[in-house]
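Summary of the model geometry
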Amino acid sequence: MNQMELSVPYDNGYEPEDYMLQEDEWDRDLLLDPAWEKQQRKTFTAWCNSHLRKAGTQIENIEDDFRNGLKLMLLLEVISGERLPKPDRGKMRFHKIANVNKALDFITSKGVKLVSIGAEEIVDGNVKMTLGMIWTIILRFAIQDISVEETSAKEGLLLWCQRKTAPYRNVNVQNFHVSWKDGLAFCALIHRHRPELIDFQNLKDDPLGNLNLAFDIAEKHLDIPKMLDAEVLVSSDRPDERTVMTYISSYYHTFAEAQKAETAANRICKILGVNQENEKLMEDYERLASELLEWIRRTIPWLENRAAEKTMIEMQRKLEDFRDYRRMHKPPKVQEKCQLEISFNTLQTKLRISNRPAFMPSEGKMVSDITSAWQGLDQAEKGYEEWLLTEIRRLERLDHLAEKFRQKATNHETWASGKEEILSRKDYESASLMEVRALLRKHEAFESDLSAHQDRVEQIAAIAQELNELDYHDVASVNQRCQSICDLWDQLGTLTQKRREALERTEKLLETVEQLFLEYAKRSAPFNNWMEGAMEDLQDMFIVHTIEEVQTLIAAHEQFKSTLPEADAERQAILGIQQEVLKISHSYGIHGDLTNPYRTITTEEIAIKWDKVKKLVPQRDSALQEELARQHGNERLRRQFAAQANLIGPWIQTRMEEIGRCSMAMEGTLEDQMTQLKQYEHVIVSYKQNIDKLEGDHQLIQESLIFDNKHTNYTMEHIRVGWELLLTTIARTINEIETQILTRDAKGISQEQMNEFRSSFNHFDRRLHKARVEERDKLRPDEFKACLISLGHLGNDKQGEVEFARIMMLVDPNTSGVVSFQSFIDFMTRETADTDTAEQVIGSFRILAADKPYILADELRRELPPDQAEYCISRMPPYSGPGALPGALDYTAFSTALYGESDL
């Protein structure tokens, strides 16, 4: 304790400089204002008597009653609680001087250096010296120990007054003189601590009345004697600070016990507030975890449903629903999952810091459970989009095949229409030889035509079979139509054979045949089939997915066009036969029926079909060129997507590496790392528009039914997974730094210590530069042990092995086989952490309970805020110890339960 020196010059008064009370001006004013001396006499006398009455005595005249030193020694014993040397009972002057010297020596032993104050002046009744000595005693025993926020005695007392009167708008305490003249400050101090004693709201602007009211109440109810004259305070321009300070110090000490109770109540409120906040965080975690798990539970069956729809429109609707899920429904859930992990880590950190037991979520709601459920969601989602696109391609092919089947079936049915009736005729029975031969040749031409249609029937049957194998939704009508065609075909074959046999039997009777008609018929029928086949091919629908496939079709079409001159020559030759018939008829004067009985197609029909073939050729050219242009457009979409994906993929990987390096860095403070990570987060969030643009390009590709892309190794799924991992990693890394800051501030770790911990940890993290992001920042047991040995926290002997096994149980209670940096920090700081304990809380409750082993509900409601009082009452068990009153509550059991059992 620093000694304080009080100098009391005979000509200038006295001044306790080491108490930081600058009293030079006071003493000069004191010489000029006798009222101050009179007030100090009264105040100091009342102060001394407030202590002497505890010993059954008092003084009347301060300068006379202390002259023999007896009551002075008694006063010091009462206020210090210590025994002074035995006083001299003699009445001689030297006896009195000896007693006063014993008192002065005791004062000096308490760290007060007395200058210019001698026993002789006190024995002689020197008023100023006596008042200076009493002021020294008041400073040492009543004021010196008053300190608020490490201030000096005077400043501490003034700060205490200012804080206690701060809620009162008409009170402004700035000093120990004029601020107290209106009496409101005294009334405010009483009302603040004992509001039932004074009606502060109805006080009037009556300084004298307010002062007397405060002095009377303090004397009657607070046992503080009147030390000041209200009239003197009101009339004085500057009341004496010493007397005011002396009187106010009595208020301070009177309310000291109440202050202890308030301090205890504040401690309890703080601890209960932490507990209530943690419970709120637990409830929020449980609720969010339940909602997320329920969403996953509802979503997985939808993604696992592989029931294909029957039509293209329905499957495309399913694909659009899946796109909505990826764009709108899943991203918020990714954020919720990340936030849930962050909230869980923050809660566990707060519980460790406040020395509370770790939070154990309800069964099935651990972070690991949510991660497992999320993995199930990803697994269900995996392949769903590919299945949808495969089904769409299958349905597209089915629609194409079905349309092709209908076209070929319609052409065949048109051709076969009426053939059964023709083959069933018996016109040959009344025909001439010429006519029979004509019928026979006509029948031979029909057989040639029938043979040519064999391939078409086989094609129709093959298409129907493929539609059956691909499970076409309207396969029943296809099968029915195909069966009808096949049945008719078989019937035509039977009828054709029967008619041939009949004609051949009749042919023996017929000898003449017109060879030219027959040749015409033989050549025109195949040519007609060729034209019909050409028209069918030129109108054939096609479906391709690449430029090469279109170019193959174009090459085939060019090959077909190269055969047109040969076909035209055949057409000219066929028409030439008819011309030859006309020429012979004209040359030889044939006037009979020149109708060719063998032909199946007229020259007019040949001309019409040939014109149609010529028109279809440029139409086919145009269709193929349009398809080529579309495939070039698809190629541009592929390249456009690949260009963006080849930039975004490496960009995401680079950001992941930057975040990893930042989390491992030791340059600067944790706040610097946090600032850098926030900058990374801003860059990442700003980059989201590129992901959205790529999603748009990907949708265009899907809508164009593009299923491969040779220009990039990145699929949209790769980009999505990488982006989600990047968002999760930056959020988790920021949370880790926040947790480290929280731990550092709560545990009192300096930045240098944190850097030392990080440096040691990084040194032994051998996987730091080669592990994936999620595997970084973890030590294996052997690395962790080497780190502890290097820091001097573990010996390299048998005892060290035992200690290390115990430490591993603390830092890795789940036996995961790795030690995180957060667990490492918790271990390095927990034994020196300045945290509240159950014993501290019990001590605070004991103060509120006035040292009783139990506390009553009314006491809790009186000392604590309403919500926290009710919180304690609802959770405290009844007290069952001896002497308990009805309704007594066990605060010891409650305080112990607050902290539970914790290994950390």
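Residues numbered from 1 in each chain as written. Predicted model: local features only at pLDDT ≥ 70, side-chain atom pairs only at ≥ 80, totals over all residues. Heavy atoms only, no water.

Considering the side chain of Thr 496
Secondary-structure assignment places Thr 496 in helix H20 (residues 475-507). Among the residues examined, Thr 496 registers a relative accessible area of 4% and is labelled buried. What Thr 496 contacts, discounting residues up to four positions off in sequence, is Leu 423, His 443, Phe 446, Glu 447 and Leu 450. (Helix = DSSP H or I, 4+ residues; strand = E, 2+ residues; numbered from the N terminus. Buried < 20%, exposed > 50% of the residue type's maximum accessible area, 1.4 Å probe, protein only. Contact = heavy atoms within 4.5 Å.)

Some points on the pattern of salt bridges
Applying the stated rule across the entire model yields 63 salt bridges. Between Glu 570 and Arg 523 there is a salt bridge, with the nearest N and O atoms lying 2.9 Å from each other. A residue pair is termed long-range when its members are at least 10 positions apart, and Glu 570 in helix H23 (residues 564-588) and Arg 523 in helix H21 (residues 515-538) qualify at 47 residues. Exposure remark for Glu 570: the relative accessible area of 25% places this residue in the partly exposed category. Note on Arg 523: relative accessible area 27%, which makes it partly exposed. One network of salt bridges, in which partners are shared, links Arg 326, Lys 330, Asp 378, Glu 695, Glu 717, Arg 720 and Glu 724. (Salt bridge = Lys/Arg side-chain N within 4 Å of Asp/Glu carboxyl O.)

A look at the confidence of the model for the protein chain
Per-residue pLDDT for the protein chain has a mean of 80; in total, 87% of the residues score no lower than 70. Per-residue pLDDT stays below 50 along residues 509-513; that stretch engages in 15 contacts with residues further than four places along the chain or on separate chains. Below a pLDDT of 50 lies the segment residues 588-592, which in the model reaches three contacts outside its immediate sequence neighbourhood of four places, other chains included. (pLDDT = per-residue confidence, 0-100.)

Let's talk about the packing of helix H24 (residues 603-664) against helix H26 (residues 688-703)
One can describe the packing of H24 onto H26 by two numbers: an axis separation of 10 Å at closest approach and a directional angle of 150°. With respect to H26, the axis of H24 lies roughly antiparallel. H26 is crossed by H24, and the crossing has left-handed handedness. Contacts between H24 and H26 involve Leu 637, Arg 638, Gln 640, Phe 641, Gln 644, Ala 645 and Ile 648 on the former and, on the latter, Asn 690, Ile 691, Lys 693, Leu 694, Asp 697, His 698, Leu 700 and Ile 701. Grouping the amino acids of the contact of H24 with H26 by side-chain chemistry returns eight nonpolar, four polar and three charged. (Axes fitted to C-alpha atoms, helices over the stretch in contact; angles between N-to-C directions. Parallel < 35°, antiparallel > 145°, perpendicular 65-115°, else oblique. Left-handed = near helix turned anticlockwise from the far one by under 90°. Nonpolar A, V, L, I, M, F, W, Y, C, P; charged D, E, K, R; others polar.)

Things to note about the nonpolar core
Ranked by size, the top nonpolar core spans 77 residues in total, and within it Ile 137, Trp 180, Phe 186 and Tyr 251 carry the most contacts. Broken down by element, this core gets its largest block of residues, twelve residues, from helix H7 (residues 127-143). With residues up to four places along the chain from it excluded, the contact list for Phe 186 reads Trp 180, Leu 211, Ala 214, Phe 215, Leu 228, Leu 233, Tyr 247, Ile 248 and Tyr 251. If you look at the next biggest cluster of nonpolar residues, it comprises 47 residues, including Ile 652, Met 674, Met 716 and Met 808. (Core = buried A, V, L, I, M, F, W, Y, C linked by side-chain atoms within 4.5 Å.)

Quick notes on the side chain of Glu 241
Along the chain, the position of Glu 241 falls in helix H12 (residues 241-254). Overall, Glu 241 belongs to the buried group, its relative accessible area being 5%.

Description of helix H25 (residues 670-686)
For H25, with 17 residues, the first-to-last C-alpha span of 24 Å sits near the 24 Å given by 1.5 Å per residue. Leu 670, Gln 673, Met 674, Leu 677, Tyr 680 and Ile 684 are the residues of H25 that are buried. Buried residues of H25, seen end-on, are gathered within an arc of 120° and therefore sit on one face of the element. (Expected span 1.5 Å × (residues − 1). Arc of directions from axis to C-beta.)

So, the packing of aromatic side chains
The relative placement of two aromatic rings is captured by the distance of their centres and the angle of their planes. According to the stated counting rule, one finds 27 aromatic pairs in the structure shown. Centre to centre, the rings of Phe 186 and Tyr 247 are 5.5 Å apart; their planes meet at 55°, and the pair counts as tilted. On the criterion of sequence distance, the pair formed by Phe 186 in helix H9 (residues 184-193) and Tyr 247 in helix H12 is long-range, its members being 61 residues apart. In this structure Tyr 247 comes out as buried when scored by relative accessible area, which is 0%. Their ring planes at 15° and their centres at 6.3 Å tell us that Trp 295 and Tyr 325 sit as a pair that is stacked. Note that Trp 295 is positioned in helix H13 (residues 256-304) and Tyr 325 in helix H14 (residues 312-353), a separation of 30 residues in sequence. Judged by its relative accessible area of 9%, Trp 295 is buried. (Phe/Tyr/Trp six-rings, centres within 6.5 Å; stacked < 30°, edge-to-face > 60°.)

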